[in-house]
Amino acid sequence: MNDPRRPHGATDSASRARPGAFGRRRPRTGTEPVTAQSPLGLRLVLSAVFLPLFLAGAAYFGVWAADADPGDSPGRGGLVVLAVVCTALALLAVADLMVVLRRMRQARTGTVPH
């Protein structure tokens, strides 16, 4: 079959049967490690440190927004936006913390996700 995206005679060395939603997008070049992993320990520390900071920021800006009078600077709207942003980042940190802990547990037990 003629595929315009692939040079004539090229074979697909990247199997689509690999784990992952879409398989490998490009064939390996040989320069990256075969067992490359994300730095789970660093992600764990960052999520654990920033989760309480974002929660504290959300609470702080929420209380400040509740106590803001009309005409105060910064205004109530800006403080609410900051509280919502801190809440969203806290939720992102929680989600990342759950993913990191699940991956670390899988690496410890040797289970392979499918």
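Procedures and definitions
- Each residue is numbered by its place in its chain's sequence as written, counting from 1.
- Selection of residues for local features in this predicted model requires a pLDDT of at least 70, selection of side-chain atom pairs for listing and counting requires 80 or more, and totals for whole chains, interfaces and linings are taken over all residues.
- Calculation of side-chain values draws on the structure's entire complement of heavy atoms; hydrogens and water are dropped beforehand.
- Put simply, a salt bridge is a Lys or Arg side-chain nitrogen that is within 4 Å of an Asp or Glu carboxyl oxygen.
- A helix here means a DSSP run of H or I that spans at least four residues, while a strand means a run of E at least two residues long, and both kinds are numbered starting from the N terminus.
- Residue exposure (1.4 Å probe, protein chains only): buried if accessible area is under 20% of the type maximum, exposed if over 50%, otherwise partly exposed.
- To define a nonpolar core, start from buried Ala, Val, Leu, Ile, Met, Phe, Trp, Tyr and Cys residues and group those joined through side-chain atoms within 4.5 Å.
- It only takes one pair of heavy atoms within 4.5 Å for two residues to be counted as in contact.
- Pairing of aromatic rings covers Phe, Tyr and Trp, the last through its six-membered ring, and needs centres within 6.5 Å; plane angles under 30 degrees mean stacked, over 60 mean edge-to-face, and all others mean tilted.
- By this rule the span expected of a helix is its residue count minus one, scaled by 1.5 Å.

Another aspect to go through is the pattern of salt bridges. Where side chains of opposite charge bring their charged atoms close, a pairing between them can arise. This structure, assessed with the given rule, holds 1 salt bridge. For Arg43, the salt bridge goes to Asp96, with nearest N and O atoms at 2.4 Å. Residue Arg43 is found in helix α1 (residues 40-67), and its partner Asp96 is found in helix α2 (residues 76-109); the two are separated by 53 residues along the sequence. Residue Asp96 is classed as partly exposed on the basis of its relative accessible area, which comes to 21%.

We now examine the nonpolar core. By size, the foremost hydrophobic cluster in this structure holds 7 residues: Ala58, Phe61, Ala65, Ala68, Leu79, Ala83 and Cys86. If you list the elements that add at least two residues to this core, you get α1 and α2. When near neighbours in sequence (up to four residues on either side) are disregarded, Ala83 contacts Ala58, Phe61 and Gly62.

Scanning the model with the defined rule gives 4 aromatic pairs in all. Ring geometry for Tyr60 against Trp64: centres 5.8 Å apart, planes inclined by 55°, an arrangement best described as tilted. Residue Tyr60 and its partner Trp64 are located together in helix α1, separated by 4 residues, close to a single helical turn. Take Tyr60: its relative accessible area is 53%, and that puts it in the exposed class. Residues Phe61 and Trp64 carry aromatic rings whose centres are separated by 6.3 Å and whose planes lie at 20° to one another, so their mutual orientation is stacked. One end of the pair, Phe61, and the other, Trp64, are both in helix α1, 3 residues apart, so they sit about a helical turn from each other. A relative accessible area of 19% means that Phe61 is categorised as buried. An aromatic cluster is present here, built from Tyr60, Phe61 and Trp64 joined pairwise through their rings.

Here α2 contains 34 residues, and its C-alpha end-to-end distance of 49 Å stays within 8% of the 50 Å for a straight helix at 1.5 Å per residue. By the burial criterion, the buried members of α2 are Leu79, Ala83, Cys86, Ala90, Ala93, Leu97, Val100 and Gln106. Just downstream of α2 lies Gly110, where phi reads positive at about 80°.

On to α1, then. Given a rise of 1.5 Å per residue, 28 residues ought to cover 40 Å, and the 40 Å separating the end C-alpha atoms of α1 matches this to within 8%. Of the residues making up α1, those classed as buried are Leu40, Ser47, Leu51, Gly57, Ala58, Phe61 and Ala65. The secondary structure elements touched by the buried residues of α1 are α2.

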